Amino acid sequence: MPDALAGRIWDRLQSLKDAGLERSLRAPSGVDLSSNDYLGLSADPRVTRAMIDAVARGGAGSTGSRLLRGERTAFAEVERKFAAFKGTERALYFSSGYLANLAVLTALAEKDDVIFSDALNHASLIDGVRLSHADYVIFSHSDVASLEPLIAQHSAEKQAFIVTESLFSMDGDIAPLTGYASVCRATGAALIVDEAHAVGVRGRRGSGLLEEAGLDPNSCISINTAGKALGVSGAFVAGPEWAIDYLIQRARPFIFSTAPPPSIASALIASLDIIDQEPERRTRLASRVSRLQQALDAHGLAIPCGPSHIVPVVIGDNTRAVAAADALQAQGFDVRAIRPPSVPAGTSRLRLAVNAMLDDATIDRFAAALANVFRTVLLASPSSMVEG
Ligand SMILES: Cc1ncc(COP(=O)(O)O)c(C=O)c1O
């Protein structure tokens, strides 16, 4: 190992520590307020059984790329099922949401195209934009009004793409999808929507915010992760036939990678059945968010919950955010601090991820613990979040 490289990396690590940005790996412990298992499906016996049975039947690994010997009927079946659920002509399964975002952006956007990407988009979208050969423009968060002039300025006569999350992963707010759809109709831009935190949770049938907004899911391309509310792993790209056909031919993360274990597809079939048959899980999730709001209000904490199950508690400073998370963990609540580059500098936060399995008493205990953390750990810096 060259000493020069080791020295440089040591300096880099030291700078991360000095800035309060060092990360550590910590296994789950305590009440889950940080996972993306919003509906509690990851441990549902029907889902785990389907996976175990599939391993027993078909083995642990897929043994090759889907275009070679890795193809299995379970992949085709779960893709048909997901497309029907989403209301699209087709769907294609990828081994992760990160790779699905890289795949969509690098395959569909070409040199001389222009991508308009929301300022708060997830790193996987940012990386997809950067890896594509297209030019790009970052637009202010959810600023739909800025888009038509920007498109006229930067991409007249060119293919434009508007890229956004539907439910933002770190702020819990919702993109103006209907507005984007009309800009696309007016300008010919294509809409790419990452439904990572909305699929399974939003919409009457649970298929996401495109459904909730009443938009035609074939009029855009959506990326729907399967490792969050669906409780398993991977992601479905959903949309019109031509897009999926093309991804199979050209998406490098799909082509040049071993297919995921087929048992994951079997588990996802079970998970999609539950989402279809048990809409009460979504209702319960919404009721958990309302309960959290009541409990926080009762403690005088001015933290707005809603419009979704992701509730940011912005603290600002990196070290203080970690101290607050540590204090909550010490009281048995698995809350994690989110720091740059996951969020913009100066907005480090606790990201509360509400899930349908939380009961009233636990939520009330958590609100009391959070109020206590504000009074003790964060007392040194007056916070506008504690009222009265
Ligand atoms: C908005 C968004 N898109 C994509 C991803 C990546 O999905 P996956 O975890 O399946 O790679 C995430 C997960 O962190 C996400 O929050």
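Residues numbered from 1 in each chain as written. Predicted model: local features only at pLDDT ≥ 70, side-chain atom pairs only at ≥ 80, totals over all residues. Heavy atoms only, no water.

Around the ligand lies a shell of 14 residues, among which G97, Y98, D194, H197 and K228 are the nearest. In this structure, D194 approaches the ligand through a side-chain N or O atom, which is 2.5 Å from a nitrogen atom. For the ligand, whose accessible area on its own is 390 Å², the fraction buried by protein is 80%. Residue composition of the shell around the ligand, by class: two nonpolar, nine polar and three charged. (Near = heavy atom within 4 Å. Polar contact = N/O pair within 3.5 Å; in protein donor to acceptor, adjacent residues only side chain to side chain. Areas by Shrake-Rupley, 256 points an atom, 1.4 Å probe, with all protein chains shown as cover. Nonpolar A, V, L, I, M, F, W, Y, C, P; charged D, E, K, R; others polar.)

Quick look at the packing of aromatic side chains now. One pass over the structure, following the stated rule, counts seven aromatic pairs. With centroids separated by 6.0 Å and ring planes inclined at 75 degrees, the aromatic side chains of F139 and Y180 adopt a geometry described as edge-to-face. With a gap of 41 residues between them, F139 in strand β4 (residues 135–139) and Y180 in helix α7 (residues 177–187) connect regions that are remote in the sequence. F139 gets classed as buried once you look at its relative accessible area, which sits at 1%. By relative accessible area, which is 0% here, Y180 ends up buried. Taken together, the ring pairs connect F75, F82, F85, Y93 and F236 into an aromatic cluster. (Phe/Tyr/Trp six-rings, centres within 6.5 Å; stacked < 30°, edge-to-face > 60°. Helix = DSSP H or I, 4+ residues; strand = E, 2+ residues; numbered from the N terminus. Buried < 20%, exposed > 50% of the residue type's maximum accessible area, 1.4 Å probe, protein only.)

In this structure the tally under the stated criterion is 20 salt bridges. A salt bridge links R336 to D334; its shortest N-O distance comes to 2.6 Å. Classification of R336 as partly exposed rests on a relative accessible area of 25%. D334 gets classed as buried once you look at its relative accessible area, which sits at 5%. One network of salt bridges, with partners in common, ties together D44, R46, E278 and R281. (Salt bridge = Lys/Arg side-chain N within 4 Å of Asp/Glu carboxyl O.)

Glancing now at the pairing of strand β6 (residues 190–194). Burial analysis of β6 places four of its five residues in the buried class, the great majority of the element. One ladder, built from five bridges, connects strand β5 (residues 160–165) with β6; its direction is parallel. Bridge pairing in β6 places I162 opposite L191. Between the parallel elements β5 and β6, the chain passes through α7 in a crossover that is right-handed. (Pairing = 2+ DSSP bridges. Right-handed = clockwise from strand over helix to strand, strands pointing away.)

Mean pLDDT over the chain stands at 96; residues scoring 70 or higher make up 98%. When the elements of the chain are averaged for pLDDT, helix α6 (residues 147–155) gives the smallest value, 95, and strand β8 (residues 235–239) the largest, 99. Below pLDDT 50 for its whole length, residues 382–388 participates in 15 contacts with residues either more than four positions away or in separate chains. (pLDDT = per-residue confidence, 0-100. Contact = heavy atoms within 4.5 Å.)

Time to look at the sheet that holds strand β11 (residues 337–338). Strand order in the open sheet made by the three strands is β9-β12-β11, with antiparallel pairing throughout. At either end of the open sheet lies a strand with only one pairing partner, and these are β9 (310–316) and β11. Summarising the sheet, β9 and strand β12 (residues 348–353) pair through six bridges and their orientation is antiparallel. Across the sheet, the residue bridging to V313 is L350, located in β12. The strands touched by helix α13 (residues 318–330) within the sheet are β9, β11 and β12, with β12 carrying the most contacts at an inclination of about 35 degrees. (Axes fitted to C-alpha atoms, helices over the stretch in contact; angles between N-to-C directions.)

Applying the stated criterion to the full structure yields two cavities of 30 Å³ or more. Surrounding the largest cavity, R66, Y93, F94, S95, P253, F254, S257, T258, A259 and P260 form its lining. Of all the secondary-structure elements, those providing two or more residues to the lining of the largest cavity are β2 (90–94) and α10 (252–255). Classifying every residue of the lining of the largest cavity gives six nonpolar, three polar and one charged. (1 Å grid on protein atoms, 1.4 Å probe; cavity = no way out; pocket = protein on both sides within 12 Å on 5 of 7 lines; lining within 4 Å. Points joined across faces, edges and corners; volume = space filled by probe spheres on them.)

The next thing to look at is unusual backbone geometry. For the peptide bond that leads from G306 to P307, omega is 20 degrees, which places it in the cis range. Counting through the fold element by element, P307 comes out in the loop between α12 (280–298) and β9. Put simply, P340 and P341 share a cis peptide bond, and its omega is 5 degrees. Here P341 shows up in the loop between β11 and β12. Phi at E157 is positive, roughly 70 degrees, even though this residue is not glycine. One can find E157 in the loop between α6 and β5. For E157, a relative accessible area of 85% puts it in the exposed group.

Following the sequence through the fold, E22 ends up in the loop between α1 (3–18) and β1 (31–32). Spatially, the C-alpha atom of E22 lies 36 Å from that of A238, the residues being 216 residues apart in sequence. When residues no more than four places from it in sequence are discounted, the contact partners of E22 are L16, K17 and R339.

Turning next to the packing of helix α4 (residues 97–108) against helix α9 (residues 241–250). Running from amino to carboxyl end, α4 crosses α9 at an angle of 95 degrees, the nearest separation of the two axes being 10 Å. Here α4 is positioned roughly perpendicular relative to α9, judged by the angle of their axes. Within the contact between the two elements, α4 uses A103, V104, A107 and L108 and α9 uses Y246, L247 and R250. Taken together, the residues of the contact of α4 with α9 sort by class into six nonpolar, no polar and one charged. (Parallel < 35°, antiparallel > 145°, perpendicular 65-115°, else oblique.)

Running from N to C, helix α3 (residues 73–86) and helix α11 (residues 262–277) cross one another at 25 degrees; their axes reach a closest spacing of 8 Å. The orientation of α3 relative to α11 falls into the category roughly parallel. As α3 packs across α11, the resulting crossing turns out to be left-handed. Where α3 approaches α11, its residues A74, F75, E77, V78, K81, F82 and F85 are matched on the opposing element by P262, A265, S266, L268, I269, L272, D273 and I275. (Left-handed = near helix turned anticlockwise from the far one by under 90°.)

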